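One-letter residues, chain by chain:
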Amino acid sequence: MPRPIEALVHGDGLAHNLARARALACGARVWAVVKANAYGHGIERVFESLRAADGFALLDLGEAERVRALGWRGPVLLLEGVFEARDLELCSRLNLWHTVHREEQIDWLASHKTAQPQRVFLKLNSGMNRLGFAPHAYRAAWARLNALPQVDEVALMTHFADADGAGGVAEQLAVFERATEGLPGERTLANSAALLRHAQASAADWVRPGIMVYGGAPDHPQHTAAHWQLQPTMTLRAQLIGVQQLARGDRVGYGGTFVADAAMRIGVAACGYADGYPRHAGTGTPVLVDGVRTRTLGRVSMDMIAVDLAPAPHAAPGSEVTLWGRGPHGSVLPIDEVAHAAGTVSYELMCALAQRVPTRVA
Ligand SMILES: *Cc1c(COP(=O)(O)O)cnc(C)c1O
């Protein structure tokens, strides 16, 4: 028997969440963002469930090739654009749309030999200061692109830094509107947080939901995935492979950081940080045993984690342990809660699911 741990990718959850994004999009077309191997789910595993998207947005040219290899003939957008001049050949061959965020990328286009003009998304740095042209340089970049025979349509794009937080989108939206005033072309602004929280203001022609498609609430803990009517799309589950009876004063795991203050029964699950479970999730991180909510105890080891069996007195080796996602009997452990306990976000947990965990679509 293989080690009792597996991950499930939920096709129905993906399709449901994508439909939620579309319902919020005010008629805009929807890019399903599948960068980082579909947020750790696997591009090939999510593809069928996300076919209803209008396009796939990603970063890596290898991932774009994989989407085309699956038979997708619709739009594919490179969110960071090309990384060197040669990449434009692949864009021509696979008909990839690409972001243009710095001058050099326009130089490369200007010397690219192609019969088929390319569709580009011109990125404005509206305040996040990651990628994009500064507002004062934006129109000149647009004019340069627009004059190139290698370029078909120029769409206009920016990205919000605090759509999930108190800052909101108003300031960056105003910068975008000023910088793009009077320019023709489709517009795209919204990530998941903007779509969930500021759809009216930010939806435009295309929206770019990522984390919400994968059932994560971008503004957790202010709001939960259930609040946004999102379903889990990834379950990480293992089994108990050991049980220990502790006396008062007994310690658990490396460093003995958890000390029993009374007699208690604990279980040991076959999941550790080498499976992608966050090592920084301390004692008290929520976990389900046979669908019953309990807590982790002590440090996460490479291959194991201890759990409190007080709420699950019948648990024994072989009992199902849900680290996140869907548990038995309709139970759910939101990945956001586990991420929060580990001081991170659901994005990171999904993306960190380890190669060694057998994963299948369910
Ligand atoms: C990752 C990304 C998104 C999706 O962001 P979520 O917060 O996951 O919805 C949208 N746009 C760009 C440019 C991105 O890089």
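This report concerns the structure included in the present document. (Residues numbered from 1 in each chain as written. Predicted model: local features only at pLDDT ≥ 70, side-chain atom pairs only at ≥ 80, totals over all residues. Heavy atoms only, no water.)

1. So, the overall build of the protein chain
(1) Moving on: Tallying secondary structure elements over the protein chain gives twelve helices and 19 strands in all.
(2) Moving on: Viewed in the frame of its principal axes, the protein chain has a C-alpha envelope of about 75 × 40 × 35 Å.
(3) Moving on: Long-range pairs, those at least 24 residues apart, make up 63% of the contacts in the protein chain with a sequence separation of at least 6.
(4) Moving on: One finds the centroid of the 34 positive side-chain charges in the protein chain at a distance of 2 Å from the centroid of its 35 negative side-chain charges. (Helix = DSSP H or I, 4+ residues; strand = E, 2+ residues; numbered from the N terminus. Contact = heavy atoms within 4.5 Å. Lys, Arg positive; Asp, Glu negative; His and termini not counted. Charge placed at Lys NZ, Arg CZ, Asp CG, Glu CD.)

2. Structural notes on the site of the ligand
(1) Moving on: The full set close to the ligand counts 13 residues, and Lys 35, Tyr 39, Ser 192, Ile 211 and Tyr 347 are the nearest of them.
(2) Moving on: At a separation of 2.7 Å, an oxygen atom of the ligand approaches a polar side-chain atom of Lys 35.
(3) Moving on: At 2.5 Å from an oxygen atom of the ligand is found a side-chain nitrogen or oxygen belonging to Ser 192.
(4) Moving on: When the ligand sits alone it has 390 Å² of accessible area, and the protein chains cover 93% of it.
(5) Moving on: Cavity membership is defined here by more than half of the atoms lying within 2 Å of grid points; on that basis the ligand lies in the largest pocket.
(6) Moving on: When grouped by side-chain class, the residues that make up the shell around the ligand number six nonpolar, four polar and three charged. (Near = heavy atom within 4 Å. Polar contact = N/O pair within 3.5 Å; in protein donor to acceptor, adjacent residues only side chain to side chain. Areas by Shrake-Rupley, 256 points an atom, 1.4 Å probe, with all protein chains shown as cover. 1 Å grid on protein atoms, 1.4 Å probe; cavity = no way out; pocket = protein on both sides within 12 Å on 5 of 7 lines; lining within 4 Å. Sits in = over half its atoms within 2 Å of the grid points. Nonpolar A, V, L, I, M, F, W, Y, C, P; charged D, E, K, R; others polar.)

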